[in-house]
Amino acid sequence: MKSDFLKYQAQTTPHPLAMEISHAKGSYIYDIYNKPHLDFVAGVSACPLGHNHPKVIDAIKKQLDSYLHVMVYGEYIQKPAVELTKLLAKHLPKSLEKTYLTNSGTEAIEGALKLAKRATGRSEIIAANKAYHGNTMGAMSVMGYEERKQAFRPLIPDIKFINFNSFDDIEQITSKTACVILETIQGGAGFIEPKPGYLEHVQHQCKKVGALFILDEIQPGMGRTGKLFGFQNYNCVPDILVTGKGLGGGMPIGAFTASSKLMDLLQDQPKLGHITTFGGHPVIAASGLATLKKITESQIIPKTLEKELLFRKLLVHPLIKEIRGKGLMLAIILPSSEIANALILKCQDRGLILFWLLFETKAARITPPLTISNEEITKGCEMILEVLDEIHS
Ligand SMILES: Cc1ncc(COP(=O)(O)O)c(C=O)c1O
């Protein structure tokens, strides 16, 4: 299988981890030798309830027996998509009431950027250095990392970059600006939280100049930071909220949410302002609905903060310089990228899954299922400390 994997399936790096999967359950992924791997990554924040949660699997199976794809997005009434968007509205501020479901996070970013241009009639977009919003042309245009996009230029024009957390840079948001797009907590950059008052100031400046404020919650959303959405930790509300990853409960999804007044602009001038064949797919929406229900009807969200404390208490080592992030979106910062690499690969050999961040090479990501138990956290942290001791000696 490995040689076919390398020969036929397109790769994104010359050195994929290439673990062959047999099955997955709860916080564990099992390889074909039936070796359990404790999952501290959750499919890169995409499996908030862990693997094969019975409520999610039941919802998917039920929907499979009823119907799969029947029509392009938005024409027919399909209960799973309606219920998912309604439940999202229930848990969001009133101004975020209408949701467009897409196939991926990057596509939701495209939709949000288009909506901002359509609503303001302006073209300038402001994004942050070291931001990651996805890999299609529009989303890549707002990625704040030149090295990774140079080869694909020209990208979309009229994009300006500011430094995340710089209060001075906020002045660059003017009446020419269609929108400002930020991650609520910067992911690829190294799990950088916004400074107190920063997002509030950005929102205030956007309001002042008539620009839209877009927050990308594709990674921090769905309970990972101790609130259902990361922005709910701060005193701000975006005009457009972009979500994805965990919203699908392990299935491919993206979504952007705004007021009805804004969202309805996509119906007119031009009509069909954003269309997709598979967005809002009934099986995926059923999986998302079961996931959102479980997360919001249980104590999963407040417990993420207790679990963060446990990680911070256990992960004390001379090689750990800092632990960044919030809730169960944590990054261990190590002295060098070589040490980060060694830690991730040695842990993989021992049966603990860690992973890299996109741009911060000295980091190892810890974004486990939100359902991970304290015992599993303790076991995984012990493995990390043992490996760090080995590297240190
Ligand atoms: C903050 C953020 N935005 C956008 C995306 C893109 O989402 P997708 O990979 O589903 O297209 C990601 C994915 O890692 C992300 O972390």
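Everything in this summary refers to the structure shown in the same document. Values in this document were obtained by computation on a predicted structure and should not be read as measured data.

**Re the sheet that holds strand β2 (residues 28–31)**
Taken in spatial order, the four strands make up an open sheet running β1-β2-β3-β13, and their pairing is mixed. Edge positions in the sheet fall to β1 (21–25) and β13 (352–353), since each of these pairs with one other strand and no more. Summarising the sheet, β1 and β2 pair through four bridges and their orientation is antiparallel. Paired with H23 across the two strands is Y30, which belongs to β2.

**Overview of the site of the ligand**
Around the ligand there are 14 residues in total, and S104, G105, T106, G134 and I218 lie nearest to it. Considering every element that reaches the shell around the ligand, the biggest residue donor is helix α5 (residues 105–120), with three residues.

**Some details on the nonpolar core**
With 103 residues, the main nonpolar core has V180 and I214 as its most contacted residues. In this view, I214 contacts A112, A116, C179, V180, I181, P238, D239, I240 and V242; residues no more than four positions away in its chain are not counted.

**Looking at unusual backbone geometry**
Following R153, the chain continues into P154 via a peptide bond in cis, with omega recorded as 5°. Within the secondary structure, P154 sits in the loop between α6 (137–141) and β6 (159–162). Its identity as a non-glycine residue notwithstanding, M222 has a phi of 65°, on the positive side. Here M222 is to be found in the loop between β8 (212–216) and β9 (240–244). One non-glycine residue, Q269, lies in positive phi territory at about 50°. The residue Q269 is located in the loop between α8 (260–263) and α9 (282–296) in this model.

**Concerning helix α3 (residues 54–66)**
End to end, α3 covers 19 Å across 13 residues, agreeing with the expected 18 Å (1.5 Å per residue, within 8%). Of the residues making up α3, those classed as buried are V56, A59, I60 and Q63. All buried residues of α3 lie within an arc of 95° about the axis, which places them on one face of the element. Opposite the buried face of α3, at more than 90 degrees from it, the exposed residues are P54, D58, K61 and D65.

What counts, and at which threshold
Residues numbered from 1 in each chain as written. Predicted model: local features only at pLDDT ≥ 70, side-chain atom pairs only at ≥ 80, totals over all residues. Pairing = 2+ DSSP bridges. Helix = DSSP H or I, 4+ residues; strand = E, 2+ residues; numbered from the N terminus. Near = placed C-beta within 6 Å. Core = buried A, V, L, I, M, F, W, Y, C linked by C-beta atoms within 7 Å. Buried ≥ 20, exposed ≤ 12 C-beta atoms within 10 Å, placed from the backbone. Contact = placed C-beta atoms within 7 Å. Expected span 1.5 Å × (residues − 1). Arc of directions from axis to C-beta.

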